[in-house]
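Read off the chains here:
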Amino acid sequence: MSTENSAADVAGLTSRLADLLSDLCLTIEGKQPPQVQDETLARVARCLKSNAGAPFNSISLSEQECLQKTMKILKARGEVDGMDTAEHFYELYRKLLQMKLDPQVRHSLMGHLLSMADKQTANGGEAGLSARSDNLSQVLGNRTASSASLNSGASSHNGNGLSQRAAVDGGAGESYSYDPTQSTPGLGTKTLPNYVDLKAQQEFELQQEIVLNAIYSFTGVQGKYLKKDVVSGRFKLDPMHAEALALGEAGMLVRLSEMGYYYDRVTKFADASTGFNAMGCMGQALMSKLKEELSEFSGQVSLLHDEMNLYRKAQMNWNAGCGGEPSDEHKLTLFKLLAWSIKPLHRMQWLTKIADACQMKKGGELASTVYDMLDNGHSMVDKLVVDILTAICGPLVRMISKWMLEGGINDLHSEFFVESLNDVGADRLWHDKFRLRLPMLPKFVPMDLADKILKTGKCINFLREICEVQGLMKGRDELKKVMDTKVSQFFSYVPDTSWHAAVETCYQQTSKHVLDIMVGPHKLLDHLQGMRRYLLLGQGDFVSILIENMKDELERNGGDIYAHDLSSMLDAALRCTNAQYDDPDILNHLDIVVQPPYTGDKGWDIISLKYIVQGPLATMLEPTMPTYKLLFKPLWRMKHMEFVLSIKIWKEQMGNAKTLRPMNAEIGKASHRLNLFTSEIMHFIHQMQYYVLFEVIECNWVELQKKMQQATALDDILEAHEKFLQTIKVGCFVSNETDMEASLETVYENIICLESWQSNFYRECFQELEARQELAKEVEKSGKQGVYGLTSEMTLQRDQEKKIFAQKIETACHGLEVIASAYEKAVSSFLMALNSSNDPNLQLFGTRLDFNEYYKKRDTNLSKPLTFEHMRMSNVFSLNNRNSPSSRFVMHAPTTKE
């Protein structure tokens, strides 16, 4: 009866421990809350303590011997049924060592588990008698399959199970021990525990745990000995467990944990939710590349885990006597990890450096930042930077290919260095619609290459939107393939790669297409020639006839002039000159414009010519129209002065010279001074016209024609045309040098004053001449009547009139000298401005105007050497002290006016 009771107690204890073992597996796996874990451990302790008199509690084997024996039994059993439960049991034991479990309770538990394994092997063929199986292999084999199967209790009966009858038949009251002389697993005589092996096993477990902590730290995972600092993010030793480490181990752990610090930094940057990463598509490409690097590094760490697990398994089998001693060659140590981590640590440090430098950057700025890290002297780092830069430039290269081949901009984050202004109309498409976004231009892209990229896309948009040409250029697919696949050549040091060749080919083909359309159907060169002839007054006969036809209108007040009256005069001038042989399409663009007049304006001030351009020509040439308008004004002004001098002043002098010859005694001095002064002015105006019309405009036009013939792209023509206009602006004195313009305008004002003075002078002269002729007629009449001589009253009146006329002539001569003095000072000021100019052509022109040093002898300022100090002081005085009494160029207004 006692034997049956003892067997029943053992069976009941076995059943309860089977349940506890299932809960314990869940506890070790961490699938229960902390309070449930403590409760499970307490239940195991109470169960074992309440059965202190059970046969397996009096086992004489040590805890380590129980472990070795159980693993050997499970290993042998696993070779039969294919269930590798030995490794699960060893992991269970390792985690039991880390849990708060009484060592005596753990020893009793290991003894009971050994008893279960031993009985299972001895009675492997018997069927179970209990509804609750205590098969250790079943419990351990299912612990990783499902936690629910453990909690619900294994209710299946296995042929290898241990039945209650087998437990009873095992013989109650027997003392379990391990007999090393046995050839089969089982219990035998008592023996002493092997404390040396136990200590070696504990040291092995400790070393493996330290190495495992180091491996975990590589990917930023905290462990028993390493914790993260909240502020810096670096790993530091845990004070609670650091005492178990040797000084060398602690130092190596801290050094190895540096890898995890950089790993966390790169992971933080690669996470888009942190807000510290790069922006835009290029930033996303950088984050994707960093994630690839992190994934590759995690794979390397996983290999370390696998290597460590393989060595632990081999060591476990050797301890159980199921295999040979593992080689130290495969054993991971802190020294080996240090040697392994040199290259990954260096790579991770550079990844961190790149990530830190790229924070909150995008587009070309991001690419330039990474590009600066090339050529650092390390081949591995150089390859890493090239790979990252290739990934970053991928979206940018695709934007470039889309822009150059299709004319489209797909730039949601404003990272492309070409931008489109939506508020600019189609008429400004070529010049203002598209422009370079310089902050987004990578530093490895030179300005000439960026300009070609900009112009290529601009040409495609111009052809599609303005010229309405929808056809694509040849070889587009091949060019796109080269540009999209050769990303690494984009930032090559030498621009002779296939990628650069594709860009150049695309640029040349597109530009040539636009050039052929503009020069061919739209006659761009003919229109440029037309603007030179008419707006720059290059067609001399046309200008002369036009002024002759409009001379009456030009002398009228501005408010009395109407544009429709001038249109017929323009048509007549075109029909009467060689302009009639020009292309009618060119002549149809020419028109005459009347500006709104101001008070005192004459026809000369408000009438101007205009060249009307439309369609694609307007897109190309409209920005230059204000320049042509600006240049037309001084040229028209010179024509005005020439008209005044030739038609009014000089022609009037020649016509009146013979008529007024009888009064030569009275007006001879004034007439002579007038003739000399007129010749001086005409020389000045003729030299001005020759210089501007021939040396400036005509010579530069010849250069422009040469460049237009050599042009391979439309921009070559437009750039040459723009340079032509800028050169003419300097030659026509339309620039920032206001001294020239002001002095020249003063000269023109004196010419107008001279014309007014001459009109008054000749009017007085003709009045006196008429009075003398009337007197002669009276004398002749009185002679016919027989009354000779003049009365005293008539003689007195005539003498009085002569005295008045003489006074008027003297006053007129003084007025002429005032005008001449003002003119001379204005010319001297103009010559000084020419000689002080930085343009050598203007300096030579100043020498020509004063070729006989006439003005130089009369103005001491012109005779001073033009050193840097004199040039600087002349500019200062002329700009700031124009009206100051101490100025070197004092402008004196005429004191009297006739």
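Since the structure is predicted, the reported quantities are computational estimates derived from the model, not experimental observations. (Residues numbered from 1 in each chain as written. Predicted model: local features only at pLDDT ≥ 70, side-chain atom pairs only at ≥ 80, totals over all residues. Heavy atoms only, no water.)

Observations concerning the overall build of the chain
To be explicit about the condition: Secondary structure elements follow DSSP: runs of H or I no shorter than four residues count as helices, runs of E no shorter than two count as strands, and numbering proceeds from the N terminus. Remark: exposure states derive from per-residue accessible area (1.4 Å probe, protein chains only) relative to the maximum for the residue type, with buried under 20%, exposed over 50%, and partly exposed in between. The criterion used for residue contact is that any of the two residues' heavy atoms lie within 4.5 Å. Each accessible area value is a Shrake-Rupley result obtained with a 1.4 Å probe; residue values ignore everything except the protein chains displayed when judging cover.
A count of helices and strands for the chain gives 34 helices and 6 strands. Going through the 898 residues of the chain one by one, you find that 47% of them count as buried. In the chain, 73% of the contacts between residues at least 6 apart in sequence involve partners at least 24 apart. Summed over all atoms, the accessible surface of the chain reaches about 44,100 Å², with 52% contributed by carbon and sulfur.

Brief notes about helix H14 (residues 363-371)
The element H14 is largely enclosed, with a buried count of 8 among its 9 residues. Regarding H14, the residues found buried are Gly363, Gly364, Leu366, Ala367, Ser368, Thr369, Val370 and Tyr371.

Considerations on the packing of helix H10 (residues 247-270) against helix H13 (residues 342-357)
Stated precisely, the cut-off is as follows: In this description, a line fitted to the C-alpha atoms serves as the axis of each element, helices being fitted only across the stretch in contact, and the angle between N-to-C directions of two axes falls anywhere from 0 to 180 degrees. Left-handed describes a crossing whose near helix is turned anticlockwise from the far helix through less than a right angle; right-handed describes the clockwise counterpart. The residue classification treats Ala, Val, Leu, Ile, Met, Phe, Trp, Tyr, Cys and Pro as nonpolar and Asp, Glu, Lys and Arg as charged. All others, Gly included, are polar.
At a closest axis distance of 9 Å, the pairing of H10 and H13 adopts a crossing angle of 35°. The interaxial crossing formed by H10 with H13 has left-handed handedness. On H13, the residues that touch Glu258, Met259, Tyr262, Tyr263, Arg265, Val266 and Phe269 of H10 are Pro344, Leu345, Met348, Gln349, Leu351, Thr352, Ala355 and Asp356. When its residues are assigned to classes, the contact of H10 with H13 shows 10 nonpolar, 2 polar and 3 charged.

Quick word on the pattern of salt bridges
Where charged atoms from two side chains of opposite charge approach closely, those side chains can pair. Our working rule: One speaks of a salt bridge when a side-chain nitrogen belonging to Lys or Arg is within 4 Å of a carboxyl oxygen belonging to Asp or Glu.
Counting across every chain of the model gives 36 salt bridges. Between Glu666 and Arg772 there is a salt bridge; the shortest N-O distance is 2.8 Å. Linking Glu666 in helix H27 (residues 664-710) with Arg772 in helix H29 (residues 738-784), this pair joins segments that are 106 residues apart in sequence. Judged by relative accessible area, which is 34%, Glu666 ranks as partly exposed. Classification of Arg772 by relative accessible area gives partly exposed; the value is 22%. Linking Arg798 and Glu768 is a salt bridge whose minimum nitrogen-to-oxygen distance equals 3.1 Å. You can see Arg798 sitting in helix H30 (residues 792-835) and its partner Glu768 sitting in helix H29, a full 30 residues away along the chain. Sharing partners across several salt bridges, the network here consists of Glu666, Glu768, Arg772, Arg798 and Glu801.

A word on the nonpolar core
As a reminder, the rule being used: Only buried Ala, Val, Leu, Ile, Met, Phe, Trp, Tyr and Cys residues count toward a nonpolar core, and they belong to the same one when joined by side-chain atoms within 4.5 Å.
Judged by nonpolar contacts, the single largest core of 201 residues is most densely connected at Ile400, Phe417, Phe542, Phe684, Phe733 and Phe830. By residue number, the principal contributor to this core is H27, which donates 17 residues. Filtering out sequence-adjacent residues up to four positions away, Phe542 remains in contact with Tyr534, Leu570, Ala573, Leu574, Thr577, Leu590 and Leu609. Ranked by size, the runner-up nonpolar core spans 22 residues in total, among them Val44, Leu67, Tyr93 and Met116.

Side note on helix H22 (residues 563-576)
Quick reminder of the rule: In a helix, the anticipated span is given by 1.5 Å times the number of residues less one.
Given a rise of 1.5 Å per residue, 14 residues ought to cover 20 Å, and the 20 Å separating the end C-alpha atoms of H22 matches this to within 8%. Within H22, burial applies to Leu566, Met569, Leu570, Ala572, Ala573 and Leu574. In this fold, the buried residues of H22 make contact with helix H20 (524-534), helix H21 (540-554), helix H23 (584-587), strand E5 (590-594) and strand E6 (607-611).

Notes on the packing of aromatic side chains
Under the convention used in this document: Only centres within 6.5 Å qualify two rings of Phe, Tyr or Trp (six-membered ring in Trp) as a pair; their planes then separate them into stacked at under 30 degrees, edge-to-face at over 60, and tilted for everything else. Whether a charge sits over a ring comes down to the Lys NZ or Arg CZ being within 6 Å of the ring centre and within 35 degrees of the ring normal.
What the rule picks out here adds up to 28 aromatic pairs. When the centroid spacing of 5.4 Å and the interplanar angle of 20° are considered together, the rings of Phe632 and Trp636 count as stacked. One end of the pair, Phe632, and the other, Trp636, are both in helix H26 (residues 625-659), 4 residues apart, so they sit about a helical turn from each other. Considered together, Phe632 and Trp636 belong to a single accessibility category, that of buried residues. Relative to Phe733, the ring of Tyr691 lies with its centre 6.4 Å away and its plane at 25°, an arrangement referred to as stacked. Of this pair, Tyr691 sits in helix H27 while Phe733 sits in the loop between helix H28 (714-731) and H29, placing them 42 residues apart in sequence. Take Phe733: its relative accessible area is 2%, and that puts it in the buried class. The lysine or arginine in question, Lys458, covers the ring of Trp430, its NZ or CZ lying 4.7 Å from the ring centre.

Examining the side chain of Asp601
Inclusion rule: His is not counted, nor are the chain ends, whereas Lys and Arg count as positive and Asp and Glu as negative. Definition of a polar contact: a pair of N or O atoms within 3.5 Å, with one able to donate and the other able to accept a hydrogen when the atoms are protein atoms, and with sequence-neighbouring residues admitted only if both atoms are side-chain atoms.
Structurally, the position occupied by Asp601 is in the loop between E5 and helix H24 (603-606). Although Asp601 is buried, it makes no salt bridge; Arg637 carries the closest opposite charge, 9.0 Å away. Here Tyr598 takes part through its backbone nitrogen, which lies 2.8 Å from a polar atom of the side chain of Asp601.

As for the environment of Ser608
With respect to the helices and strands, Ser608 occurs in strand E6. Given the relative accessible area of 14%, Ser608 is considered buried. Sequence spacing of Ser608 and Leu535 is 73 residues, and the spatial spacing of their C-alpha atoms is 8.8 Å. When sequence neighbours within four positions are dropped, the list of residues in contact with Ser608 reads Asp591, Ile592, Val593, Gln595 and Phe632.

Here we look at the pairing of E6
In plain terms, the rule: When DSSP finds two or more bridges between two strands, those strands count as paired.
Among the 5 residues that make up E6, 4 are buried, leaving the element largely enclosed by the rest of the structure. When E5 meets E6, the two strands line up antiparallel, connected through 5 bridges. By the bridge assignment, Leu590 is partnered in E6 with Tyr611.

Remarks on the side chain of Thr624
Along the chain, Thr624 turns up in the loop between helix H25 (616-621) and H26. For Thr624, a relative accessible area of 6% corresponds to the buried category.

Overview of the confidence of the model for the chain
Put simply, the rule is: Think of pLDDT as the predictor's per-residue confidence, scored from 0 to 100.
Of the residues in the chain, 77% reach a pLDDT of 70 or more, and the chain-wide mean stands at 78. Put simply, helix H8 (residues 164-169) is where the chain has its lowest mean pLDDT, 32, and H13 is where it has its highest, 92. For residues 124-135, every residue scores under 50 in pLDDT, and the model assigns this stretch 33 contacts once sequence neighbours within four places are set aside. With pLDDT under 50 throughout, residues 142-192 is counted as low confidence; its partners more than four residues away or in other chains account for 101 contacts.

Describing unusual backbone geometry
Keep in mind that most residues, glycine aside, have a negative phi and that most peptide bonds are trans. Phi at Asp375 takes a positive value of approximately 55°, unusual for a residue other than glycine. Residue position: Asp375 is located in the loop between H14 and helix H15 (379-406). On the accessibility criterion, Asp375 (54% relative accessible area) is exposed. One non-glycine residue, Glu853, lies in the positive phi region at around 60°. Here Glu853 is to be found in the loop between helix H31 (840-849) and helix H32 (854-858). Judged by its relative accessible area of 38%, Glu853 is partly exposed.

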